[in-house]
Structure formats: C-alpha cells, structure tokens
Amino acid sequence: MAENPERAVPSDGVPPAEAVGIYKQFGSTLALSGVSLALRPGRCLGLVGRNGAGKSTLVSIMSGIYGPDRGQVLFEGERAPALGDVEAWRNRVATVFQHSMVVPQLTVAENVFLNCQPKRSGMVDWKTMRADTRRVLSEWGFDDVDAAAPCSSLSVEQRQLVEIARALAAGRRCLFLDEPTAALERAEIRRLFDRVRALVASGVAVLYISHHLEEVFEVCDEVAVLRDGEMVLTQETAGLSKDELVAAMVGPDVAASAIMSQNGRDGTGTSMHPDSGRPCLVVEHLSAISPRGPLHDVSLEVRRGERVGVAGLLGAGVATLARAVAGAHPWQSGKIEIDGAPLVPGRPDKALRIGVGFVPEDRRAEGFVRLLGVAENSTMTIVDRLANRLGVVMPRAKAAAARPLAARLSIVSAGLSQPVGELSGGNQQKVTVARALATEPKLVVAIAPTRGVDVASKAALLEALSSLASSDGTAVLLATDDLDDLVICDRVVVLRGGEIVAEFTEPPFDREELIAAIEGLVPNGKVTA
Amino acid sequence: MTQLSSEKDARATTARPPGAEASGRAAADAVLQQTSRQARAVSLVREAALLPVVVLLIIVGALVSNVFLTVSNFSGIGLQASALGVVVVGESLIIMIGGMDLSLEGTYGLAPMVAAWLIVPVAAFGSGADLNPYIGILILILVGALVGVFNGLLIVKGGLNAFIVTLGMTIVLAGLQNGIVKAQTLFSLPSAFSYLGSAYWGQVPVSLVVTVIIFVGVGLFLRYHRGGRAIYAVGGNAEAARAAGINVDRVKIGVYVAGSVLAAIGGLMEAGRVSAVTGQQGYQEGIIFTVFAAAVIGGVSLAGGKGNMVGAATGVVLLSLVQNILDLANVSNYWILAIYGGVILIGLAVSRMIGGKTSQG
C-alpha cells in the first residue's frame, strides 16, 4: 500500500471523480444522505457496506444511471454531464457492473468498441478495430483473450477483462469495479488483483466495491464505509484492523454477532442431533455430465441432523452434485435416495415432495420471481398445502405462513407484499432460503447460499441453516466455494474434478488444509483433519 | 436471531436499549403495514388509471352523436365487445406466462366453422352430418382445445418459437376454415347455436353477461387460485417456479389450451351475432391485432408475469368505444382503419406513460 512512485497523473488536489453531498430517496427510504467521496489518481478506494447500505445507489449515481436528489458529481472538478448523455458519461468513467454487460453474440473487438467503432469513410473499420483491441488487450496483459472471438465463448473472467478493456480503450482514467470477484475463482481473483494493482500503478483511479473485507485490505489503499446511507468511515487501509472495519459496517449493536460468525462458531457447531444414525440422504456411485463440472462415481451419506459441506472450485462438480440431489439436474448412472425413497432425476417438483428443500446458486435466475411479493415467493413451495380443496389460496393464508419464516430469517421488507425484486441482495437470498424451508424439508440443499450478501445477512443465513439441523433434525448439504460457509458444518467433503478427494470430519476445519485439498496441492486420498 | 437488518430498523435499534426491542418492533410493524397499505393504494390507482380516458371517450361520444348515450347503442357495444373480450382474456393469460398466440384468430374462425358445418343442412353448405347443436358446441370447444394442445406441445415440449409456431398455425387454420366450405358462408344456424351471440335478457346481451362472468371468474382465479398464482410465477421467472416445484410445462400447455378454448367461445359469440360463419371469420378482420392491443393497453406485459383482468377489461372497453364512436361519427369507410390504428398507437403510448416503467434493480 506504499505511495506509488510511477504515478502518471499527479494528485494535485483535483480528484478525477468526486461525489459531493449526495442525497437520494426511493419512496420512503433515504438511500443516501449527504454522502461525499473522492477518488484520486493512482489510488484504489474500497467501498464497503452491508447490502442496502447504499453502495449500488452511489455507484449508479456516479455512473450516470440516475441523478441525485441533492448534491453533485464532479469529474476533474467539473460538473457531471446531463443524465441522459451516455456518451459523455462513458468518456469520464467506466463501470464494470456485477452482472456482465457484454453482448455475448458480438466479438471481443465489437464489445470493446461498442458504439464507438473506428470508422473509415463512414463505415466500420473492422481491421483497425481488431488491431486496436489487440493492442489494448496486450498492453494490459490480457493476452489470453482473442479479439476476434465471440464473447459467448469466453469465460466469466475473460468477459470481465473485456469490460475493463472497453473502459481502458477510451483512455479513461477512472474505473469503478462493482463486486468484480463475485463470479471468479481463486486463481482468477489473484490475476484480477494483479491487474488492478497494475492499473492503479499507471495512474488510474479505481473505486472497488466489495463484500469481502480481505480483498479490500489486499488491493485498496483507502477504504470508505457506507452504513444506512451515510458515510461512516473513510480511512487508509494501512493501520485499520478487520474488526474495526466490520464494526463500522454493521454498526455497534449487531457487530458482536457478525464477528462471531466470522470467527466461527466451533463450540455450538458440533451439537449433533441425537437421531444421527439414520442416513437421510444416500448418494451411490453417482456420475453426471454438466457444464457446471462433471461427476464421477461419487458416493455420500448425510444423516439426520447432520450438516455436511461440499467444497470445491466452481468447475469441480460441487454445484452438479447439489443440483442432482435437489432433483434439478439429471444424472447418467448411480442413484440418490432421500429417507429411503428414490429420487427421480431432473424433477425438482418430485424432489420437493419427498422432502428436499433447495437453495439454488443463482438467486436471480432460480431463487425468486421478482414481481411477486415476499409472502408469495416464500410460500411458493407450499401452495398445495395452503390451498383448499378447490385450489383457492387466500393471500391471508400466504402471509400467515410467511410471517414466521420472515421473522426466523429476519427478512426486512416494506410489508410481505413488497415485490422481491425491490429488496436488497441479502434479503432476496433470505427469501430464497425461506422458500426452501417453508416445506419443513428432511434435507436442505444449499448452493453458495451466502454469495454476494453482506456480513450480517451472511451470519443470519448460516445461523438459520445451522439451527435447522440442531433443532429440527434436518439434514443439510451445503455446497460452496466460500470457506467461511463451512463453519456451520459437522463434516466437509472436498470435490476436485468431479471426485471426492478428501474428507474432513473434525471441526474446526483447518483453513490451510481445506484450501490445499480444494486446489489440489496435496496428493489425492482421504485426509482427516 | 433478532437482529433486524433494514436500514430503517437498524437505525432505530442503534438509538434504543435492547429491552425496548419488542415495542420497537411493534412500531416498526405498524410503519411497514402502513407502507404496504400505501403501496396497495398506488397499485389500485394504476389499475384505474385508464378510467379518465374512458370517461373522456364517453364525453366525446356524446358530443359526436346523440345516439351514443342510448341504451340500445350501449347494448350494441356490449354485444360487439363480448366476442373480442373473451379472446382478450385468452390472449392475456398466454401473454402472462411469457408466451404469445397469434393463432387465436384462426381458432376464433375455425372452431365455429367446423361446428356449424357439422350442424347445418347441406342446403346451407353444411356437411350433411346434421349434428345436434349442443354436440356442435362441444365439438367447438374440442377444436379449440386441440389447437391449444398442438400449439402448447410444439412450443413447450418442442422448444419452438411461439411467434413462428402460432403464425404458421394461423395460416393453417385459416386455410382449413376456408377449405372446408370452399369459401362459402354457412347460414341458418340453429337457435341453440346462435343463442349465446344473439339473445338478449331484457336489454342486456347474453354474450355480455357471459363475458363479464368470464372476466370476473378468470380475475378471481388469477388472484386466489394456486393455478392463477402459478401463471404469475411461471411468467415472472420460469426457472424460479420450476425450482419451487411448479410443473412449468403443464402450466404453460394448460394456458395455451385455455386461451384457444376461450378463442373458440369468442368465435361462437361472433357467429351467433352475425347468424352465419363465413369462410374468413376472424382472419378477414385481423382481430388478433385488436386483441393484442387491448391486452397491452390494459397493462398486460409482453415480457410476461404482469397484468390483470381489470386492465384487460379496460383495454377492451376502450377499443370498443373508439370503434363505436368512429362508426357513429360517419367517418368515411376508406379512412376508418387508419384512424382506428392511430388511436390504438396513441392508446399504447398513454398506457405506457400511466403504467410507468417496470421497477428495475
């Protein structure tokens, strides 16, 4: 985090991008109240805060997506362009959003020069466009991306590079990265950090939005904390402790519980349900083909009241195994039984009926219906039970069924009829979990249930999953690539290349050993921690 | 477990000792309930937003012609709007699951054609089967259901594009309809067959009563039946619905079938109204355009997952009033289509402005 000697643009006091006293209200919620923020050339500023703290709102305002109610955005000390003037905004700042904004059907070069293609006599100059793209890509060390390849053929990481290249091609010196690591694997994250450091070293001002505090400490020179729409802390990262940062994010009264979840809950984590002898889930010799990573001859048992983690990298088959168990993915050979009843491959409705609750990995794609309310989404799995003989379901019945779930998961909304699309990411995830728990399942299958949610929501979600096993005797299968999730598990199996390569049976699990097993740094074979 | 995590609540909790939790939560609940009541009021306003336009049209109609504000004119409008309205209900359901069906137009013509062909005598260009008219009505419904099953299977199970499938189907159905009677017009329909489209209870057309019942019934079904809620879920996010255990394919195919059956019933009303079935009923008038326009003006989102029967009914009423006013105003026949189309485009723009953008992010 030392001062950068090669800073191309002198930090002479005029920030390349600055927000001054921003206020923004949505309905009755004050999303931002008097927030100021300044980026400096050759510095990386981390922006952290819980879901709903106002991070996305601030980034959207500073990217020209919508205007502030009060206050203003300045670039190089000048007023920001008019709201609709996309071109002018694009020339000042480049935002790489959490969700990919590349056009998959177009090539890398077309995406990099989208809507600003080099022209020759009024026509698109394809040759120059490709050459310029190649130049930009190699200049920043993105050599593994082919300028002529369609973006649909790229990995998530490469698509992100295309977006960054798009920003850099226009020579912009101001880059906003919104949760850039959310969809990346470990090695990719490493490379991203190297690139961000290189960008910063060359004088680019970077705003780095993240949930992961380690990342902030790793790449950011400064960190700004938003809480409830107010900027509560802006400080150099050097000399700031993680606990201080967490405390600033969650506020004084919930800090304790959040830190507890951060440090693990090893004391309570081992309280096994008495009826632990009976297997609830039996997976035998399961083999499957999937774009999420294949499975080869995987066998696994989960007993009642047991919390089993399945850890591994994205392509290791972790999600495939979980989806197969939830009935959401067919398999080629082997079998799966829930409490002795065979599972029908690829039929989530049947899996649900024999007692599997499912929390899919991508909540936006499969977790909820945006336009429908909290109560309706949470009870979608139990309409059969709520409906009378004629199939009529009264909204009152849905609300009554949803209320205890909402309380259990501390879902916060403006009423149970508020569309889930309007909630923050953490609350959306809680609704997704509520929907899985509504059926009072024998087995809950959760894939990366805390991905992209804030520290406090993460704690609440893990707590809810953990208490299911200890109090209700539910079996929990937790498939994840986030080691923090594993603190609630009684046992962890590690998948690599679609096979179980290690099993850890004694919590607390050693982080180093887990990572070694996940990344394949130790020879295959059962390892018992 | 009791950490409240909204911005509002978190702010409140910081200023409060932990003991005050319960009362604080009650207060927060009260606030939230009030907000949700406000939200409900807002959505009601949005649903009724086209009402001023209806009132405006009635005023315009009254100024244009002194016949407009008569009972007989209104019962005429009701008669005309009924057939359209029933088809709009069907199309709205299909649009709400994120689909589309252009071939409702074809079903609207073919179903009554096949039924009438089996009923009426050879002298009226019938087949000679001389079936009982009630059996004919059953056959009409069956034809509708068959077309719906066929469309549904091709689109849902076959994974084909709904637009192309139903466009092709429209042409096939119109061709069959015309081919069966070799472009003749079937007439002398038995009274049981034409009752629905031509009879009156007092001044009120029977078809209008039936249409209103269908609107109300489907509206209640959408709001209170799990099948109706499944339609919103499937249209809003099919994958989420699937993961929640809803049999998405069955819902979709079911809606295609229901839509086609409703179109067949609409066709029966039209056949009764004009006491004949032409070789081009439906196809000739291009009713599918009006059907889509009424649904979309009524706030049914072509993206799926959004819309309701109050809106769809408003769309039907609006377009029927416009049609009636144009007729009464003695607009030259040569220009009536251009004006009608223009009014529809304006209506779409207005309803878009009133409806506002769908909430994003």
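What counts, and at which threshold
- Residues numbered from 1 in each chain as written.
- Chains lettered and ligands numbered in written order.
- Predicted model: local features only at pLDDT ≥ 70, side-chain atom pairs only at ≥ 80, totals over all residues.
- Helix = DSSP H or I, 4+ residues; strand = E, 2+ residues; numbered from the N terminus.
- Buried ≥ 20, exposed ≤ 12 C-beta atoms within 10 Å, placed from the backbone.
- Axes fitted to C-alpha atoms, helices over the stretch in contact; angles between N-to-C directions.
- Left-handed = near helix turned anticlockwise from the far one by under 90°.
- Contact = placed C-beta atoms within 7 Å.
- Pairing = 2+ DSSP bridges.
- Parallel < 35°, antiparallel > 145°, perpendicular 65-115°, else oblique.
- Nonpolar A, V, L, I, M, F, W, Y, C, P; charged D, E, K, R; others polar.
- pLDDT = per-residue confidence, 0-100.
- Expected span 1.5 Å × (residues − 1).
- Domains from an automatic or database assignment.

S.K.: Even after reading the chapter, I still don't get the overall build of chain B, so can you show me in this structure?
M.R.: Along its length, chain B carries 15 helices and two strands. A buried classification covers 47% of the 361 residues belonging to chain B.

S.K.: Would you take a moment to explain the packing of helix 4 (residues 71–96) of chain B against helix 13 (residues 287–297) of chain B for this structure?
M.R.: The relative placement of two packed helices is expressed as an angle between their axes plus a distance between the axes. All names here are of chain B. With their axes 9 Å apart at the nearest point, helix 4 and helix 13 run at an angle of 65° to one another. In this structure, helix 4 crosses over helix 13, and the sense of that crossing is right-handed. In this structure, helix 4 contributes Leu 84, Val 87, Val 88, Glu 91, Ser 92 and Ile 95 to the contact, and helix 13 contributes Ile 287, Thr 290, Val 291, Phe 292, Ala 294 and Ala 295.

S.K.: I tried to follow the sheet that holds strand 5 (residues 78–79) of chain A on my own but got confused; where do I start?
M.R.: Residues and elements named next belong to chain A. An order of 2-1-4-5 is seen for the four strands of this open sheet, with the pairing classed as antiparallel. Of all strands in the sheet, those bounded by a partner on one side alone are strand 2 (29–39) and strand 5. Bridging between strand 1 (residues 17–26) and strand 4 (residues 70–75) involves four bridges; their strand directions are antiparallel. By the bridge assignment, Tyr 23 is partnered in strand 4 with Arg 70. Where helix 1 (residues 55–62) meets the sheet, it contacts strand 1, strand 2 and strand 4, and its direction lies at approximately 120° from that of strand 1.

S.K.: Explanation requested: the packing of helix 8 (residues 191–198) of chain B against helix 12 (residues 248–274) of chain B in the structure shown.
M.R.: Residues and elements named next belong to chain B. Interhelical geometry of helix 8 versus helix 12 gives an angle of 95° and a closest axis separation of 6 Å. Relative to helix 12, the element helix 8 lies roughly perpendicular. Where helix 8 abuts helix 12, its residues Phe 193, Ser 194, Tyr 195, Leu 196, Gly 197 and Ser 198 lie against Leu 268, Met 269, Glu 270, Ala 271, Gly 272 and Arg 273. A breakdown of the residues in the contact of helix 8 with helix 12 according to their chemical character gives six nonpolar, four polar and two charged.

S.K.: For this particular structure, what's the right way to read the confidence of the model for chain B?
M.R.: Detailed conclusions should not be drawn from predicted coordinates in areas where pLDDT is low. Residue and element names in this part refer to chain B. Averaged over all residues, the pLDDT of chain B is 85; the fraction at 70 or higher stands at 85%. Confidence drops under pLDDT 50 across residues 1–28; counting only partners more than four residues distant or on other chains, this segment forms 35 contacts. Every residue in residues 357–361 scores below 50 in pLDDT, and together they form four contacts with partners more than four places removed in sequence or on other chains.

S.K.: What should I look at first to understand helix 18 (residues 455–472) of chain A in this one?
M.R.: A turn of α-helix holds 3.6 residues, and therefore any two residues three or four places apart point the same way. Residue and element names in this part refer to chain A. Here helix 18 spans 25 Å end to end across 18 residues, near enough to the 26 Å set by a 1.5 Å rise per residue. In terms of residue burial, helix 18 counts as a mostly covered element, since 14 of its 18 residues are buried. Phi turns positive, to about 75°, at Gly 473, one or two residues after helix 18.

S.K.: Can you walk me through the pairing of strand 16 (residues 333–338) of chain A in this structure?
M.R.: In regular strands, side chains alternate between the two faces of the sheet. All names here are of chain A. Here strand 13 (residues 279–288) runs beside strand 16; their pairing, made up of five bridges, is antiparallel. In the sheet register, Leu 281 faces strand 16, and the bridge partner there is Ile 338. Two strands pair when backbone bridges link them, and strand 16 and strand 17 (residues 341–342) are joined in this way by two bridges, in the antiparallel orientation. If you follow Ile 338 over to strand 17, its bridge partner there is Ala 341. Two successive antiparallel strands, strand 16 and strand 17, enclose a turn made up of two residues, where Asp 339 displays a positive phi of approximately 50°.

S.K.: Is there a simple way to think about the sheet that holds strand 15 (residues 307–311) of chain A in this case?
M.R.: Neighbouring strands of a sheet are bound in pairs by backbone hydrogen bonds; such pairs are parallel or else antiparallel. Residues and elements named next belong to chain A. Read from one edge of the open sheet, six strands run 18-19-20-15-21-22, paired in mixed fashion. On the outer flanks of this sheet lie strand 18 (356–359) and strand 22 (499–504), each paired with one strand and no other. Adjacent strand axes in the sheet meet at a mean angle of 20° when their direction is disregarded. By the bridge criterion, five bridges tie strand 19 (residues 443–447) to strand 20 (residues 475–480) in an arrangement that is parallel. When the bridges of strand 20 are listed, Val 445 appears paired with Leu 477. Where helix 11 (residues 318–325) meets the sheet, its contacts fall on strand 15, strand 18, strand 19, strand 20 and strand 21 (491–496), and the angle it forms with strand 20 comes to roughly 150°. Of the strands in this sheet, strand 18 and strand 19 are in contact with helix 17 (residues 425–437), which crosses strand 18 at around 170°.

S.K.: Is there a simple way to think about the domain arrangement of chain A in this case?
M.R.: Frequently, the measure chosen for interface size is the accessible area removed from exposure when the parts meet. Residue and element names in this part refer to chain A. Along its sequence, chain A is carved into domain 1 (15–93 + 172–252), domain 2 (101–166) and domain 3 (263–519). Between domain 1 and domain 2, the contact holds five residues from the first and five residues from the second. Within the side of domain 1 that touches domain 2, the residues separate by chemical class into three nonpolar, no polar and two charged.

S.K.: What is the right way to look at helix 1 of chain A in this model?
M.R.: Within helix 1 of chain A, seven of the eight residues are buried, which leaves the element mostly enclosed by the surrounding structure. Just beyond helix 1 of chain A, the residue with positive phi is Gly64(A), at close to 80°.

S.K.: Is there a simple way to explain the pairing of strand 4 of chain A in this structure?
M.R.: Taken together, the two bridges between strand 4 of chain A and strand 5 of chain A define a ladder with antiparallel strand orientation. Within strand 5 of chain A, the position partnered with Phe75(A) by the bridge is Glu78(A).

S.K.: Sorry, what's going on with the environment of Arg364(A) here?
M.R.: Positionally, Arg364(A) belongs in helix 13 (residues 363–367). It is 9.0 Å that separates the C-alpha atoms of Arg364(A) and Gln429(A), two residues lying 65 residues apart in sequence.

S.K.: Teacher, can you tell me more about the environment of Ala83(B) here?
M.R.: Residue and element names in this part refer to chain B. Summarising the element assignment, Ala 83 is placed in helix 4. Given 28 C-beta atoms within a 10 Å radius, Ala 83 is considered buried. On a C-alpha basis, the gap between Ala 83 and Ser 351 in space is 23 Å, while along the polypeptide they are 268 residues apart. Not counting the four nearest positions on each side in its chain, Ala 83 is found in contact with Ser 207, Gly 266, Met 269, Glu 270 and Arg 273.

S.K.: Please explain the confidence of the model for chain A as it appears in this structure.
M.R.: All names here are of chain A. Residues at a pLDDT of 70 or more form 88% of chain A, whose mean pLDDT is 82. Between residues 1–11, whose pLDDT stays under 50, and residues either more than four places distant or in other chains, the model counts 19 contacts. Here residues 522–529 is modelled with pLDDT under 50, and outside its nearest four sequence neighbours on either side it reaches 17 contacts, counting other chains as well.

S.K.: Hey, could you run me through unusual backbone geometry in this one?
M.R.: Negative phi is the rule for most residues except glycine; trans is the rule for most peptide bonds. Residue Asp339(A) is not a glycine yet carries a positive backbone phi of 50°. As for its position among the elements, Asp339(A) is in the loop between strand 16 and strand 17. The phi dihedral of Lys182(B) is positive, around 50°, even though this residue is not glycine. For Lys182(B), the location among the structural elements is in the loop between helix 7 (162–180) and helix 8.

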